[in-house]
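Coordinate analysis (summary)
Here's the letter readout for the chains.
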Amino acid sequence: MKYLRLLLFPFSLIYGLVVIIRNWCYDIGIFKSRKFFIPVIAVGNLDVGGAGKSPMTEYLIRLFKSNYKLATLSRGYGRQTTGFISSNIIHDDHGKRLSRLTAADRMGDEPAQFHQKFPDVTVAVCEDRVKGIKELQTNHNLIILDDAYQHRAVKPGLNILLFDYNRINEPRLLLPAGNLREPFSGRKRANIIIISKCPEMLSANEQSAVLRRIRPLDKQRVFFTSIAYQPLQNLEGEPASVRLGDDTTLFLLTGIANAGPLLQHIKKYTQRIIHHNYPDHHRFSLKNITKLADEFSACASKNKVIITTEKDAQRLVEHELLPVMKQLPVLVLPIGIEFLNGAQQQFDQFVINYVREYTEHHQVH
C-alpha cells in the first residue's frame, strides 16, 4: 500500500501547489480571514488522522467551562445534517425534527461525544466556521474550534497545533501520496505546538530530537503530552467495575485513525485480544455488530469483555443496532491527556492569559 501511494506523488505536487497558493492568498489578504471580538481558540493538526484533537478540546472545555460561556464548533464529519446545528436546537433549517436522529447523526461522532460529556456546554457544527461563529457569538464569550487549523477563513486568536509523537519521523508527503493536508511550513501559524501521545517517560535527549525535527519558531511554545487512560465506563458513562487480567479475552471494537497506542495500553493487561478494526469514523452496520456478537458468544473464555472508544460508542446507538447492542456487555475506555515535564500549569496559564487579555482588550475597544 505504501508503494502504491508513492505512485500518487505527481498528484501530491498538484495538490501542494493549490494549497500553497491558497495559503499565500490568505497571507497577503486576497482571501479574507475573519477576526471576531470574542476569543477563538483553534485546535488542529497538519496531517489526516488522529493526533489527539478531541482530548485537547475536552481539556480546554474543562479549563474554561466554569468561568466562561463557551461553545465548541466543529465541521461535524460524518453527520447526516447540513448547515449550522447546535446541541440546543431540535430542528434543522428545513424543519426536520432532529430528535429523531442520534446525536452522532445530527452532529458527528466527536461533537456527540463532547455533548454527552459536557451537557451544559453548547456544542455546534457548521461547515462554514465563520457562519457558525456568527451564530454563537451573541450568547457566548469563548469559542473552541475543533479540527480547524486549515480553515483559514477564520483567524483564531490562538492556534494550537498537534503532532503525533509516533509519526514525527514519517516522510512529509502531501495527500494523496502522504498524509499531510498542507506543507510542513504551515506549522508557522501555530502559537502553541503540542507533541501528543508521547511515552510517559520521554528523556530529555528524545525531546530534543523531536524539537530538532519540528523546528519550532522562537515565538512558539512547545509542550509534550501523553495519553491518560481513564477507568472503564458503560455506554451511559457510569463507572464499570471490571477486572482485566491475563485470563481476560478482550474484544476490541474500533473505528479510529490509529488504534496502535490503545492496543499497546491494553496489552499491559492481557495478550488475548480480538480486534475488530474499522476505518476512522466508520458507520457500524448491523452486520458488523452481529459478527462481533457471534464471536463473543462463541468465545469459551470465562472472563471476556468488549471494549470500545468514546468516539466509537457514539456510533453504536443507531436504532438498527440497539437490539443486538442491548445483549452485549460493551464498555468504553475514555482517554485524557497528561503534560510531561510538569508543564500543565504553564500551559494553563498561557491559554488563560490569552483569553483574559483578548477579552479585556476588546471590551476596551
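Please refer to the structure higher up on the page.
All values derive from a computational prediction rather than experimental measurement. Numbers given for residues are sequential positions, taken from 1 along each chain in its written order. Given that this is a predicted model, residues contribute local features only at a pLDDT of at least 70 and side-chain atom pairs are listed and counted only at 80 or more, while totals for whole chains, interfaces and linings are drawn from all residues. Note that the side-chain values use all heavy atoms of the structure and ignore hydrogens as well as water.

A few words on the pairing of strand β7 (residues 192-196). Here the term buried applies to any residue with accessible area under 20% of the maximum for its type, exposed to any over 50%, and partly exposed to those in between, with areas from a 1.4 Å probe on protein chains only. Helix numbering and strand numbering both begin at the N terminus, where a helix is a DSSP run of H or I of at least 4 residues and a strand a DSSP run of E of at least 2. Counting buried positions along β7 yields 5 of 5 residues, so the element is predominantly enclosed. Alternating residues of β7 divide into I192, I194 and S196 and I193 and I195, and every residue in both groups is buried. Only strands joined by at least two bridges in the DSSP assignment are considered to pair. Here 5 bridges tie strand β6 (residues 158-164) to β7, and the two strands are oriented parallel to one another. Paired with I160 across the bridge in β7 is I192. Handedness of a crossover is defined as follows: orient the strands so they point away from the viewer, and if the path from the first strand over the helix to the second runs clockwise, the crossover is right-handed. Chirality of the crossover, the property in question, places the unit of β7, helix α7 (residues 204-214) and strand β8 (residues 221-229) among those that are right-handed.

Definition of nonpolar core: a set of buried residues of the types Ala, Val, Leu, Ile, Met, Phe, Trp, Tyr and Cys, connected through side-chain atoms within 4.5 Å. Grouped together as the largest cluster of nonpolar side chains are 27 residues, with contacts concentrated most on I41, M56, L60, I160, I194 and F347. For this core, the secondary structure elements donating two or more residues are β1 (40-45), α3 (53-64), β5 (142-146), β6, β7, β13 (335-339) and α12 (344-364). Residues in contact with I160, not counting those within four places in the same chain, are I41, A42, V43, G44, L60, I192, I194 and F347. In terms of nonpolar packing, the next biggest core, distinct from the first, is built from 17 residues, Y149, F163, V210 and L340 among them. Every residue pair with non-hydrogen atoms within 4.5 Å of one another is taken to be in contact.

Let us now look at α3. What a helix is expected to span follows from its residue count: subtract one and scale by 1.5 Å. For α3, with 12 residues, the first-to-last C-alpha span of 17 Å sits near the 16 Å given by 1.5 Å per residue. Within α3, 10 of the 12 residues are buried, leaving the element largely enclosed by the surrounding structure. K53, S54, P55, M56, T57, E58, Y59, L60, I61 and F64 are the residues of α3 that are buried.

Here the focus is the packing of aromatic side chains. A pair of Phe, Tyr and Trp rings is counted when the ring centres sit within 6.5 Å of each other, with Trp represented by its six-membered ring. The angle between the planes then sorts it: under 30 degrees is stacked, over 60 is edge-to-face, the rest tilted. Within the structure shown, the criterion is met by 11 aromatic pairs. Where F64 meets Y68, the ring centres are 5.7 Å apart and the plane angle is 80°; that geometry is what we call edge-to-face. Residue class for F64 comes out buried when judged on its relative accessible area of 2%. The partly exposed category is assigned to Y68, whose relative accessible area is 21%. Each ring, one from Y354 and one from Y358, has its centre 5.6 Å from the other, and the planes form 55°; the classification is tilted. Here Y358 and Y354 lie together in helix α12, a separation of 4 residues that amounts to about one turn. The pair formed by Y354 and Y358 is uniform in burial state, with each residue classed as buried. Three or more aromatic residues link up through ring pairs in this structure, and these residues are Y59, F223, F339 and F347. Consider the ring centre and the ring normal. A charge sits over the ring if Lys NZ or Arg CZ is within 6 Å of that centre and within 35 degrees of that normal. Over the ring of F184 we find R172; its NZ or CZ atom is 3.6 Å from the centre of that ring.

Mapped onto the secondary structure, T72 falls in strand β2 (residues 70-74). Classification of T72 by relative accessible area gives buried; the value is 0%. Contacts of T72, omitting those with residues within four sequence positions, involve T57, I61, F114, T122, V123, A124 and I144.

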